[in-house]
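One-letter residues, chain by chain:
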Amino acid sequence: MRISLTVNGEPAEVDVWEGESLLVALRERLELAGSKNACEQGECGSCSVLLDGALVCSCLVLAVQADGHAVVTVEGLADGERLHPVQQALVDAGGVQCGFCTPGFVVAAADLLARVPEPSQDEIREALAGNLCRCTGYAKIFDAVRLAARP
Ligand code: FES
Ligand code: FES
């Protein structure tokens with residue numbers, strides 16, 4: 001079936017099958033491969049996107065559920081050539097190793113800072129609790145969020 005949605009501010013129409021996840025539709029049909037497919041079970045947060053402004057695991061959302069709605073992926077966060085502050089902070093703080101988890105952390109941290117501009121350490125940890133990183137040990141990622149939050 002054909003769905004119509006807004007992706008990163010642009011209207012999009014895409015043919016999907018009824019059981020297809022939003023993650024698959026984004027990656028394989030709309031060629032937005034920033035959202036990563038690591039577990040496909042809602043466990044790792046690598047596929048995090050904003051659906052009508054709410055943070056979701058796109059592997060757990062059916063593409064048809066996004067019909068008529070607005071999706072923001074990691075590709076939609078930078079301002080042209082200028083990285084989103086969370087992206088820049090992850091680079092500056094050394095919070096990226098293999099990078100597979102990074103898009104999910106970027107989306108989740110950007111969502112946190114949009115809601116809570118100066119989060120506490122506990123608020124950062126809670127907001128990123130759904131995102132798994134297999135490389136960094138998290139310390140540099142938390143440093144990056146604090147760096148991005150700095151006024
Ligand atoms: S791929 Fe969606 S939560 Fe892991
Ligand atoms: S940097 Fe490799 S999984 Fe996080």
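Data block above holds the structure.
Owing to the predicted nature of the structure, the values given are computational and were not obtained by experimental measurement. (Residues numbered from 1 in each chain as written. Chains lettered and ligands numbered in written order. Predicted model: local features only at pLDDT ≥ 70, side-chain atom pairs only at ≥ 80, totals over all residues. Heavy atoms only, no water.)

### Points about the overall build of the chain
Point 1. Across its full length, the chain holds five helices and five strands.
Point 2. Starting at the N terminus and ending at the C terminus, the chain contains elements arranged as β-β-α-β-β-β-α-α-α-α.
Point 3. Against the 2.2 N^0.38 benchmark of 15 Å for 151 residues, the chain shows a C-alpha radius of gyration of 15 Å, consistent with a compact globule.
Point 4. Referenced to the eigenvectors of the C-alpha coordinate spread, the extents of the chain come out at roughly 45 × 30 × 25 Å. (Helix = DSSP H or I, 4+ residues; strand = E, 2+ residues; numbered from the N terminus. Rg over C-alpha atoms; globule rule 2.2 N^0.38 Å.)

### Overview of the pattern of salt bridges
Point 1. Tallying each qualifying case throughout the model produces five salt bridges.
Point 2. Across the pair Arg29 and Glu20 runs a salt bridge whose closest N-O atoms are separated by 2.6 Å.
Point 3. Exposure remark for Arg29: the relative accessible area of 41% places this residue in the partly exposed category.
Point 4. Under the relative-accessibility criterion, Glu20 is labelled buried at 2%.
Point 5. Where Asp143 meets Arg146, a salt bridge forms, and the shortest distance between an N and an O atom there is 2.5 Å. Residue Asp143 and its partner Arg146 are both found in helix α5 (residues 139-149); the two are separated by three residues, about one turn of the helix.
Point 6. A cluster of three or more residues bridged by salt bridges with shared partners is formed by Arg2, Glu13 and Asp15. (Salt bridge = Lys/Arg side-chain N within 4 Å of Asp/Glu carboxyl O. Buried < 20%, exposed > 50% of the residue type's maximum accessible area, 1.4 Å probe, protein only.)

### Describing helix α1 (residues 22-29)
Point 1. Listed in full, the buried residues belonging to α1 are Leu22, Leu23, Val24, Ala25 and Leu26.
Point 2. Contacts made by the buried residues of α1 are with β1 (2-7), β3 (48-51) and β5 (70-72).
Point 3. Positive phi shows up at Glu31, right after α1, with a value of about 55°. (Contact = heavy atoms within 4.5 Å.)

### Things to note about the environment of Ala108
Point 1. Within the fold, Ala108 resides in helix α3 (residues 102-115).
Point 2. Looking at Ala108, the relative accessible area reads 1%, which means it is buried.
Point 3. Sequence spacing of Ala108 and Ala63 is 45 residues, and the spatial spacing of their C-alpha atoms is 20 Å.
Point 4. When neighbours within four sequence positions are excluded, Ala108 is seen to be in contact with Leu55, Ala127, Leu128 and Asn131.

### Observations concerning the nonpolar core
Point 1. Core analysis: the biggest nonpolar cluster contains 26 residues, and Val86, Leu128 and Val145 have the highest contact counts within it.
Point 2. Residue assignment for this core shows that the elements contributing at least two residues are α2 (85-93), α3, α4 (121-127) and α5.
Point 3. When residues of this core are assigned to their parent elements, the largest contribution, eight residues, is made by α3.
Point 4. Beyond its immediate sequence surroundings of up to four residues, Val145 is in contact with Ala109, Leu112, Leu113, Ile124 and Leu128.
Point 5. Of all hydrophobic cores here, the second largest spans 17 residues; its members include Val16, Leu26, Val61 and Val71. (Core = buried A, V, L, I, M, F, W, Y, C linked by side-chain atoms within 4.5 Å.)

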